[in-house]
Amino acid sequence: MLGASYAETRKPRFVTPVASSKIGLLGGSFNPAHGGHRRISLFAREALGLDEIWWLVSPGNPLKPKKGMAPLSARFRSAVAQARRAPIRVTAIERQLQTRFTIDTLSAITRRYPKKEFVWLMGSDNLAQFHQWRDWRGIARTMPIAVIARPGYDAAAVASPAMAWLRRFRVPIANFRHGGEWSAPALVTLRFDPDPRSATAIRQADPDWASRHAGKSPRDQVTHRLIASEGGAATQ
């Protein structure tokens, strides 16, 4: 039995709070997904100290033509195949949320998962045209942005109207990684060896790639709902 002297002199216990998950969001058509997506995702996760990456497979990109776009289910399956055995989750949450624009999707995700911290990942090619996105400043205020350098687009990205506004919010990678709770706007630039792979080149070399990703409705790795093929229905 412990005496009174121990009770009076022992140190109080402090419970370390559980840190919220830090997740990188990479959006795109993934038409199809390829090894370049996987490589930049794993690079960003390591560089930023993220717990995992979510691939947001878009039902349709307002800035991209519909011609040549494979069905969502095929693009989703190609992403699942590329993300296998990696800390990457594939989701088509935009369809469930019924959002079309990035600002609406990101706002809805932050409301749905308030205990998670998110960072928006995008290539420098997207930064070059970021000012054309709906409420792009609102996107920057919703969560931090990490821009991944992409060969041939750096000059356009640096000279873009969006960068003229965003550069005042630039933070070093070290501060971003070890800075505790994130705040927005914040911009960090990531550089790594260029990856020559592209979805356009894959489609040109293999026009029938989508036919190999046919099958039963896949299950969303974030919402856990089944994803129906276009024109079809899936049970929950």
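Residues numbered from 1 in each chain as written. Predicted model: local features only at pLDDT ≥ 70, side-chain atom pairs only at ≥ 80, totals over all residues. Heavy atoms only, no water.

## Observations regarding the overall build of the chain
Line of reasoning, step 1. In terms of helices and strands, the chain carries 11 helices and six strands.
Line of reasoning, step 2. When the 236 residues of the chain are sorted by exposure, 42% land in the buried category.
Line of reasoning, step 3. Across the chain, every contact between residues at least 6 apart in sequence was considered, and the portion connecting residues at least 24 apart equals 76%.
Line of reasoning, step 4. Accessible area for the chain stands at about 13300 Å²; split by element, carbon and sulfur atoms hold 51% of it. (Helix = DSSP H or I, 4+ residues; strand = E, 2+ residues; numbered from the N terminus. Buried < 20%, exposed > 50% of the residue type's maximum accessible area, 1.4 Å probe, protein only. Contact = heavy atoms within 4.5 Å. Areas by Shrake-Rupley, 256 points an atom, 1.4 Å probe, with all protein chains shown as cover.)

## Observations regarding the packing of aromatic side chains
Line of reasoning, step 1. Per the stated rule, a full pass over the model turns up seven aromatic pairs.
Line of reasoning, step 2. Note on Phe30 and Trp55: the rings are 5.2 Å apart at their centroids and 25° apart in plane angle, and the pair reads as stacked. Here Phe30 is found in the loop between strand S1 (22-28) and helix H2 (35-48), whereas its partner Trp55 is found in strand S2 (residues 52-57), with 25 residues between them in sequence. Neither Phe30 nor Trp55 differs from the other in exposure class; each is buried.
Line of reasoning, step 3. Taking NZ or CZ as reference, Arg134 lies 3.9 Å from the ring centre of Phe101, over its face. (Phe/Tyr/Trp six-rings, centres within 6.5 Å; stacked < 30°, edge-to-face > 60°. Lys NZ or Arg CZ within 6 Å of the ring centre and 35° of its normal.)

## A short note on the pattern of salt bridges
Line of reasoning, step 1. Considering all chains together, one arrives at two salt bridges under this definition.
Line of reasoning, step 2. Across the salt bridge formed by Arg89 and Glu52, the nearest N and O atoms sit 3.3 Å from each other. One end of the pair, Arg89, is in strand S3 (residues 88-91); the other, Glu52, is in strand S2, and 37 residues separate them in sequence.
Line of reasoning, step 3. Its salt-bridge partner being Asp206, residue Arg212 comes within 2.0 Å of it at the nearest N-O pair. (Salt bridge = Lys/Arg side-chain N within 4 Å of Asp/Glu carboxyl O.)

## Re the nonpolar core
Line of reasoning, step 1. In this structure, Leu25, Trp54, Ile109, Trp120, Leu127 and Phe130 are the most contacted members of the largest nonpolar core, which totals 30 residues.
Line of reasoning, step 2. Of all the secondary-structure elements, those providing two or more residues to this core are S1, S2, helix H4 (93-97), helix H5 (102-112), strand S4 (117-123), helix H7 (136-142), strand S5 (145-148) and helix H9 (161-166).
Line of reasoning, step 3. With near-sequence residues (within four places) excluded, Phe130 lies in contact with Met122, Trp136, Ile139, Ile145, Ala162 and Leu166.
Line of reasoning, step 4. Core analysis: the next-biggest nonpolar cluster, separate from the first, contains 29 residues, Ala83, Ala146, Phe192 and Ile227 among them. (Core = buried A, V, L, I, M, F, W, Y, C linked by side-chain atoms within 4.5 Å.)

## With respect to the side chain of Glu52
Line of reasoning, step 1. By relative accessible area, which is 15% here, Glu52 ends up buried.
Line of reasoning, step 2. In this structure the side chain of Glu52 is engaged in a polar contact, spanning 2.9 Å, whose partner is the side chain of Trp54.
Line of reasoning, step 3. At 3.3 Å, the side chain of Glu52 and the side chain of Arg89 are in polar contact.
Line of reasoning, step 4. Other than its neighbours up to four places away in sequence, Glu52 contacts Lys22, Ile23, Gly24, Arg45, Pro87 and Arg89. (Polar contact = N/O pair within 3.5 Å; in protein donor to acceptor, adjacent residues only side chain to side chain.)

## Some details on the confidence of the model for the chain
Line of reasoning, step 1. Mean pLDDT over the chain: 85, with 85% of residues reaching 70 or higher.
Line of reasoning, step 2. Overall, residues 1-18 carries pLDDT values under 50, and its contacts beyond four positions in sequence, including any with other chains, amount to zero contacts.
Line of reasoning, step 3. Under a pLDDT of 50 for its full length, residues 231-236 has, in the predicted model, nine contacts with residues more than four places off or in other chains. (pLDDT = per-residue confidence, 0-100.)

## Overview of the sheet that holds S3
Line of reasoning, step 1. Spatial strand order, S3-S2-S1-S4-S5-S6: six strands in an open sheet with parallel pairing. One side of each edge strand has no neighbouring strand; the edge strands of this open sheet are S3 and strand S6 (187-190). The mean angle between the axes of side-by-side strands here comes to 25°, regardless of whether they run parallel or antiparallel.
Line of reasoning, step 2. Strand direction decides the pairing type here: S5 and S6, joined by four bridges, are parallel. Bridge pairing in S6 places Ile145 opposite Leu187.
Line of reasoning, step 3. Helix-sheet contacts for H2 involve S1, S2, S3, S4, S5 and S6, and the interaxial angle to S2 is about 140°. (Pairing = 2+ DSSP bridges. Axes fitted to C-alpha atoms, helices over the stretch in contact; angles between N-to-C directions.)

## Some details on the environment of Val188
Line of reasoning, step 1. Within the secondary structure, Val188 is located in strand S6.
Line of reasoning, step 2. For Val188, a relative accessible area of 1% gives the class buried.
Line of reasoning, step 3. Sequence-wise, Val188 and Ala174 are 14 residues apart; in three dimensions their C-alpha atoms are separated by 9.8 Å.
Line of reasoning, step 4. Once you skip the residues sitting within four places of it in the chain, Val188 turns out to touch Leu48, Ile145, Ala146, Val147, Val171, Pro172, Ile173 and Phe176.

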